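Below, each chain spelled out in residue letters.
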Amino acid sequence: MCSAFAPLATTSTTTQRQTSSTFRVNDSLLVGARRQEGSSLSMSESEKKKKSGLDEKMRNKLLTESIAPWRTVRLFFYFSLGLGAFIGGMITLAGTIAAITQARPDVDLNTEYVNLAIDFGAVAVFAFLAKWDLDRQGELEEGVLENIEKKKGRKVVGRAMREREQLLGTLSLAIQVSADGATREAPVREIQAAARQHMILVAGPKKACRDALIGANLLKMDFAMSNVLVVPYETDADDLDLQSKPIGTGFGDGRPMYETQAYVAKPVGEGWDDYIAAEIKDAVEQSGEQAREEGIAVVVANDGKVLRRGIGKVPWRQMVEQLEATAKE
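Residues numbered from 1 in each chain as written. Predicted model: local features only at pLDDT ≥ 70, side-chain atom pairs only at ≥ 80, totals over all residues. Heavy atoms only, no water.

> How do you make sense of the overall build of the chain when you look at a structure like this?
Helix and strand counts for the chain come out as 13 helices and seven strands. Scored against the burial criterion, the 329 residues of the chain give a buried share of 39%. Here the chain displays about 18700 Å² of accessible surface, and carbon together with sulfur accounts for 58% of that area. (Helix = DSSP H or I, 4+ residues; strand = E, 2+ residues; numbered from the N terminus. Buried < 20%, exposed > 50% of the residue type's maximum accessible area, 1.4 Å probe, protein only. Areas by Shrake-Rupley, 256 points an atom, 1.4 Å probe, with all protein chains shown as cover.)

Structural data, given as structure tokens:
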């Protein structure tokens, strides 16, 4: 899974979309978003422009020049040599015309024809090279502008992710508090503050959630010892499906065992639909439409900070080990 669904950019320039269900990770966007906190976020565009002394167009041009510093030198030589060849060709052309009109019978026409071909051939070559280099410069400028826009977009997504971290803390979960299946509802922030529990949220179609819970069931002792809650959220479940799934583990509970484990919590209350929709929207933008089919996972430490975001099959053991390491820091 990837931490910020970047392109899976890996942020990068072009997102490489993989069709396998392996857990793909990219923490660059989330880390970069955190580093942008502070004065850099509060600085207005006019203050940035005043501080740098350059407008955005000039900065982009200088950035392009720094990527290809010899292009200007090459263009200078193309122009100089091409101009010299053109002047030489015009002089040769005048001599050729003089020879044809018998004004200068001492001029060898065959030699003049060869010189004309060489001069104007050189002009054509240098013109072609200059156009090729200018086209490459235009492509580079477009690439630079595209990367800048992507960087701005990642900053916007990063700010939205940080805002969602705060929203996630206000959402409620139903957790089991006794062996007989009794449950208690509480906001995520209170659960994490009181019990210091980590949380792994898995959202996606029923199949993706089922596969994730089956995988988690194989490590249920690790979840119990590591104080980790698993929160499945089925994106294709309707209200009737949700009402038909009891939370407890009484005699009327026909759910499979992997759904009734003590570490499995149920999202309750309002706000979850909007939160999950925003997370999936970012995932689709970064990873493509397969994010809706494979499902997403959000790994949240017990201090409320999101450690990873991603799509595909969750490597549960790796996630548990990372959460344990985070708790020890």
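Picking up after the structure, the text goes on.
> Can you help me understand the pattern of salt bridges in this one?
Any two side chains of opposite charge can pair, so long as their charged atoms come close to each other. The final tally for this structure, using the stated rule, is ten salt bridges. Among the salt bridges present, the one from R71 reaches D133, with a minimum N-O distance of 2.9 Å. With a gap of 62 residues between them, R71 in helix α5 (residues 71-100) and D133 in helix α6 (residues 109-170) connect regions that are remote in the sequence. In this structure, R71 and D133 share a single accessibility class: buried. A salt bridge links D135 to K131, with the shortest nitrogen-to-oxygen separation between them at 2.9 Å. Pair noted here: D135 and K131 are both in helix α6, with a separation of four residues, about one helical turn. Overall, K131 belongs to the exposed group, its relative accessible area being 51%. (Salt bridge = Lys/Arg side-chain N within 4 Å of Asp/Glu carboxyl O.)

> I would appreciate a short explanation of the nonpolar core in the present structure.
Generally speaking, soluble globular proteins have nonpolar side chains that are buried together. The biggest cluster of nonpolar side chains holds 26 residues, and the ones touching the most others in it are L168, L173, M199, L201, W272, Y275 and I276. Within the residue set of this core, elements represented by two or more residues are β1 (172-176), α7 (188-195), β3 (198-204), β4 (228-234), α11 (272-287), β6 (296-300) and β7 (306-311). The leading source of residues in this core is α11, at six residues. The residues touching W272, leaving out its near neighbours within four places in the chain, are L168, L171, S172, L173, V188, L201, Y233 and P267. Membership of the second largest hydrophobic core comes to 19 residues, among which are A212, A301, V314 and W316. (Core = buried A, V, L, I, M, F, W, Y, C linked by side-chain atoms within 4.5 Å. Contact = heavy atoms within 4.5 Å.)

> Whenever I open this one, the packing of aromatic side chains confuses me. Can you help?
One pair of aromatic rings is described through two measures. These are the centre distance and the angle between the planes. A complete count under the given rule lists three aromatic pairs for this structure. Residues F76 and F77 carry aromatic rings whose centres are separated by 5.8 Å and whose planes lie at 70° to one another, so their mutual orientation is edge-to-face. Look at F76 and you get exposed, because its relative accessible area is 53%. Given a relative accessible area of 46%, F77 falls into the partly exposed group. Each ring, one from W272 and one from Y275, has its centre 6.2 Å from the other, and the planes form 90°; the classification is edge-to-face. Of this pair, W272 and Y275 both sit in helix α11, three residues apart, roughly one helical turn. Accessibility expressed as a relative area gives 2% for W272, which makes it buried. (Phe/Tyr/Trp six-rings, centres within 6.5 Å; stacked < 30°, edge-to-face > 60°.)

> Could you clarify how one ought to interpret the sheet that holds strand β2 (residues 183-187) in this entry?
The pairing of strands in a sheet comes from backbone hydrogen bonds and takes either a parallel or an antiparallel form. With antiparallel pairing, the three strands of this open sheet are ordered in space as β2-β1-β5. Because the sheet does not close on itself, it has two edges, and the strands there are β2 and β5 (266-268). Between one strand and the next, the sheet's axes are offset by a mean angle of 35°, whatever the strand orientation. Sheet contacts for α7: β1 and β2; angle to β2, the most-contacted strand, approximately 105°. (Pairing = 2+ DSSP bridges. Axes fitted to C-alpha atoms, helices over the stretch in contact; angles between N-to-C directions.)

> Whenever I open this one, the sheet that holds β7 confuses me. Can you help?
Taken in spatial order, the four strands line up as β4-β3-β6-β7 in an open sheet, and their pairing is mixed. Strands with a single pairing partner mark the edges of an open sheet, and in this sheet they are β4 and β7. Taking each pair of neighbouring strands and ignoring which way they run, the sheet shows an average axis angle of 15°. Pairing between β3 and β6: five bridges, direction antiparallel. Paired with V202 across the strands is A297, a residue of β6. The strands touched by helix α8 (residues 206-217) are β3 and β4; relative to β4, the strand with the most contacts, the crossing angle is about 160°. Contacts from α11 reach β3, β4, β6 and β7 within the one sheet, and its direction differs from that of β6 by about 115°.

> Could you clarify how one ought to interpret a nonpolar patch on the surface in this entry?
The grouping of F79, L83, F86, I87, M90, I91, L93, I97 and F120 at the surface amounts to a nonpolar patch, some 830 Å² of accessible area in total. For the nonpolar patch, the element with the highest residue contribution is α5, accounting for eight residues. When you line up the elements, I87 lands in helix α5. Accessibility expressed as a relative area gives 46% for I87, which makes it partly exposed. (Patch = residues over 30% accessible without salt bridge, like charges linked within 9 Å, V, L, I, M, F, W, Y side chains within 5 Å.)

> Whenever I open this one, the packing of α6 against α11 confuses me. Can you help?
The geometry of a pair of packed helices is captured by two quantities: the angle between their axes and the separation between those axes. The contact between α6 and α11 brings their axes to 11 Å, and the two run at 155°. Classified by the angle between their axes, α6 and α11 sit roughly antiparallel to one another. As for how α6 packs across α11, the hand of that crossing is left-handed. Touching V157, M161, R164, L167 and L168 of α6 are W272, Y275, A278, E279 and D282, all from α11. Of the residues assigned to the contact of α6 with α11, the class counts are seven nonpolar, no polar and three charged. (Parallel < 35°, antiparallel > 145°, perpendicular 65-115°, else oblique. Left-handed = near helix turned anticlockwise from the far one by under 90°. Nonpolar A, V, L, I, M, F, W, Y, C, P; charged D, E, K, R; others polar.)

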